[in-house]
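Overview (structure and organization)
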Amino acid sequence: MTTMRTDVALADADRMTSESRLAHGAVGESRRRALKLAAVNGALVAWVALGEARAASGRSTRVEIFDRGLNLPVYRLDLPPGWTMRHFIATDLNDVWRMYTFYAVDFTGPGGEFVTYLTPTAVYVRTGQHWESMWLSLFNERVGVLGRLWLGETRRIHSPALFPNAVRLGIPVFEREIAGSIGNQPVQGRLFALVADLGYAVILYPHVAVAPRGLWPQMVEALQMIAASQTENPQVAARSRQIMQSRMQQAQASMQASRNWFNAFQSTMRQASELRSQNNREFGLYLRSQHRSYQGSDYTTNDMFTDYLRDTTTFRDPYTGYQVAQPGQYEYWYTDSLGHYYGTDDPNFDPNSLTGNWTGIAPLRP
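So, how was this worked out
Residues numbered from 1 in each chain as written. Predicted model: local features only at pLDDT ≥ 70, side-chain atom pairs only at ≥ 80, totals over all residues. Heavy atoms only, no water. Pairing = 2+ DSSP bridges. Helix = DSSP H or I, 4+ residues; strand = E, 2+ residues; numbered from the N terminus. Core = buried A, V, L, I, M, F, W, Y, C linked by side-chain atoms within 4.5 Å. Buried < 20%, exposed > 50% of the residue type's maximum accessible area, 1.4 Å probe, protein only. Contact = heavy atoms within 4.5 Å. 1 Å grid on protein atoms, 1.4 Å probe; cavity = no way out; pocket = protein on both sides within 12 Å on 5 of 7 lines; lining within 4 Å. Points joined across faces, edges and corners; volume = space filled by probe spheres on them. Nonpolar A, V, L, I, M, F, W, Y, C, P; charged D, E, K, R; others polar. Salt bridge = Lys/Arg side-chain N within 4 Å of Asp/Glu carboxyl O.

1. Thoughts on the sheet that holds strand E17 (residues 341-344)
Strand order across the open sheet formed by three strands is E17-E16-E18, with antiparallel pairing between neighbours. Edge positions in the sheet fall to E17 and strand E18 (359-360), since each has one partner strand and no second.

2. Section: the nonpolar core
Residues Phe 107, Val 115, Phe 163 and Met 219 are the most contacted members of the largest nonpolar core, which totals 33 residues. Top contributing element to this core by residue count: helix H6 (residues 216-229), with five residues. With residues up to four places along the chain from it excluded, the contact list for Val 115 reads Trp 83, Val 105, Asp 106, Phe 107, His 207, Val 208, Ala 209, Met 219 and Leu 223.

3. A closer look at the layout of surface pockets
Its boundaries defined by the atoms lining it, the second largest pocket holds a volume of some 250 Å³. Taken together, 16 residues form the lining of the second largest pocket, with Thr 312, Thr 313, Gln 329, Pro 363 and Arg 365 sitting closest to its centre. Elements that contribute at least two residues to the lining of the second largest pocket include exactly helix H8 (301-310) and strand E14 (312-316). By residue number, the principal contributor to the lining of the second largest pocket is H8, which donates four residues. In terms of residue class, the lining of the second largest pocket is built from eight nonpolar, four polar and four charged.

4. Things to note about the side chain of Thr 84
In this fold, Thr 84 is placed in strand E4 (residues 84-91). Filtering out sequence-adjacent residues up to four positions away, Thr 84 remains in contact with Glu 52, Ala 53, Arg 54, Leu 79, Asp 106, Phe 107 and Thr 108.

5. Remarks on the pattern of salt bridges
By the definition in use, this model includes seven salt bridges. With a shortest N-O distance of 3.0 Å, Asp 106 and Arg 142 are connected by a salt bridge. Here Asp 106 is found in strand E5 (residues 100-108), whereas its partner Arg 142 is found in helix H4 (residues 131-142), with 36 residues between them in sequence. Classification of Asp 106 by relative accessible area gives buried; the value is 6%. For Arg 142, a relative accessible area of 12% puts it in the buried group. Here Arg 155 and Glu 177 are joined by a salt bridge, their closest N and O atoms 3.2 Å apart. Of this pair, Arg 155 sits in strand E9 (residues 155-157) while Glu 177 sits in strand E10 (residues 173-182), and the two are 22 residues apart along the sequence. Taking relative accessible area as the criterion, Arg 155 reaches 38% and is therefore assigned partly exposed. Salt bridges sharing common partners tie together Arg 155, Glu 175, Glu 177 and Arg 190.

Purely spatial values, then, with no claim about function.
Right, dumping it as structure tokens:
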């Protein structure tokens with residue numbers, strides 16, 4: 001029989017022995033022999049202290065996967081002869097965006113085969129995420145670090161034997177071939193992904209199946225047995241609807257809170273704008289009070305005498321509305337309303353000879 005084991009796996013088993021004894025009894029040499037493939041740097045965990053089921057050699061065993069968040073068994077399936085299942089699942093009941101607080105389901109076969117279900121993940125395409133990138137990231141974090149592994153091209157498969165429920169529901173299934181080695185053992189396998197498109201998000205259900213080279217046909221038989229025997233607890237659907245309703249209410253409350261904040265922000269900005277406008281109006285009135293304005297009555301006899309002494313002429317500037325004095329005292333004046341003035345004593349002067357739009361303007365009089 002081909003086996004794959006690591007010193008790290010045995011060390012992990014020893015380290016977790018005390019917890020295992022409390023939960024499942026003593027861990028002896030038979031347990032050590034059963035650890036065909038196990039953790040390297042924490043990537044694939046031997047769940048000896050968590051939910052565990054083992055099928056006796058020569059016959060299958062009906063087992064269940066229990067969700068500690070829902071506090072319900074979610075699936076029941078037949079475990080192939082000689083196989084072991086370890087799992088720990090906890091659905092997140094509170095967070096709107098997360099699906100699970102913890103998710104691990106691992107199967108190990110008698111010949112060193114293993115199947116691990118990676119964490120189901122929601123991928124939000126509108127935020128720039130892509131399900132295939134997330135798929136590979138989940139693989140690399142959990143399994144890719146175990147050895148020198150290569151992946152083939154992504155391809156869609158239609159296999160009712162391996163994925164009867166997905167095919168029945170029309171959920172696309174994709175796979176990539178796995179080749180390489182773990183330790184000194186050549187291996188082969190598949191990286192699978194069930195991709196459920198909900199419109200606003202893609203729900204990704206990834207898992208990995210790896211076997212020593214030459215044992216892949218037995219692995220496929222085991223996968224088919226697990227898939228064909230798997231049934232869902234009907235209570236899960238009702239509980240899931242309650243959770244989704246709660247999450248939708250949380251999302252709606254979050255959106256309403258955002259709308260309330262935005263409305264309050266808009267109201268504050270409007271008040272600030274009105275205050276600025278009022279301040280500008282008051283400042284404008286102040287400036288006009290500090291300058292002699294465009295009103296003709298503001299031009300006094302003393303002002304005219306000052307113009308006489310200074311040889312200037314005062315106008316009400318049509319652009320600013322303020323009084324402006326220009327050098328010279330001519331009979332005829334013109335302005336382009338842009339702050340420029342032209343004076344002449346020639347009654348036949350044509351203002352059209354100047355560049356721009358010039359019109360006549362009369363000096364102020366007391």
